[in-house]
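The chain contents come next:
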Amino acid sequence: MRKKFNILMFILILGMLAFAPSDLIFAKEYEVKEADQYKYVEYEDGVWIVGYLFDADNNQSWIIPDKLDGKNVIGIGELNECYERFYNTWQAKEITLPNTLKYIGEGAFEHYSIEKILLPDTVEYIGYNAFAGSELKNITLSNKLTSIGGYAFCNCTKLESISFPASLEVIG
């Protein structure tokens, strides 16, 4: 009886998968586009920066734009559905993020030489390893921040202060 039930369930699941939309079965792939010397993907209500096309090694400060191709920059760093990576080892000491930014993705500033980053009050999520190994000295987190991924500030040996907002629900 149990064996018949298991076979019946297996057939039922296969039948459901045959008629399910493909984006429910397979991870959606995003087309990586280029604009204003950045690599990005379009994602729901804006764009997510996943890389850059310029030599940032000589810049001491970097201002991330608030729009690319007329769309708000809502995220920066690794996007789980995108196979590009945002790995860099450049020497910028200060980064200013746009007021449109909601998400700082996995490894966005991992192992960077940044000492100061200006986070807008719009940031809701900081991903896994987002600032790991960076040279941050202090950071003030957004009052809208609800989640910080694991190891987000791991090995930030120069970090002197960090203030956690009351809105924070998840750490790690």
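Anything mentioned here points back to the structure above.
Residues numbered from 1 in each chain as written. Predicted model: local features only at pLDDT ≥ 70, side-chain atom pairs only at ≥ 80, totals over all residues. Heavy atoms only, no water.

Draft legend 1. Fine view of the overall build of the protein chain. A tally of regular secondary structure across the protein chain gives two helices and 14 strands. Every one of the 172 residues in the protein chain was classed for burial, and the buried ones make up 41%. Once local pairs closer than 6 in sequence are excluded, the contacts in the protein chain between residues at least 24 apart make up 37%. With the model as given, the accessible surface of the protein chain reaches about 10,100 Å², and the carbon-plus-sulfur share is 52%. (Helix = DSSP H or I, 4+ residues; strand = E, 2+ residues; numbered from the N terminus. Buried < 20%, exposed > 50% of the residue type's maximum accessible area, 1.4 Å probe, protein only. Contact = heavy atoms within 4.5 Å. Areas by Shrake-Rupley, 256 points an atom, 1.4 Å probe, with all protein chains shown as cover.)

Draft legend 2. Highlighting the side chain of Ser147. Turning to its location among the elements, Ser147 is positioned in strand S12 (residues 147-148). Once residues within four sequence positions are removed from consideration, Ser147 is found in contact with Glu124, Tyr125, Ile126, Leu168 and Val170.

Draft legend 3. Up close: unusual backbone geometry. Not every positive phi belongs to a glycine, and Asp36 is a case in point at roughly 50°. Checked against the element boundaries, Asp36 lands in the loop between strand S1 (33-35) and strand S2 (38-43). With relative accessibility at 56%, the residue Asp36 sits in the exposed group. The residue Asn155 is not glycine, and still its phi comes out positive at about 60°. By the element assignment, Asn155 lies in the loop between S12 and strand S13 (161-163). Owing to a relative accessible area of 57%, Asn155 belongs among the exposed residues under this scheme.

Draft legend 4. Structural view of the pattern of salt bridges. Evaluation of the coordinates by the stated rule reveals four salt bridges. With a closest N to O distance of 2.7 Å, Glu42 and Lys33 form a salt bridge. The class for Glu42 is partly exposed, based on a relative accessible area of 31%. Lys158 is the partner of Glu135 in a salt bridge, and the nearest nitrogen-oxygen pair spans 3.6 Å. Of this pair, Glu135 sits in the loop between strand S10 (125-126) and strand S11 (138-140) while Lys158 sits in the loop between S12 and S13, placing them 23 residues apart in sequence. Among the residues examined, Glu135 registers a relative accessible area of 26% and is labelled partly exposed. Lys158 sits in the partly exposed class, given a relative accessible area of 42%. (Salt bridge = Lys/Arg side-chain N within 4 Å of Asp/Glu carboxyl O.)

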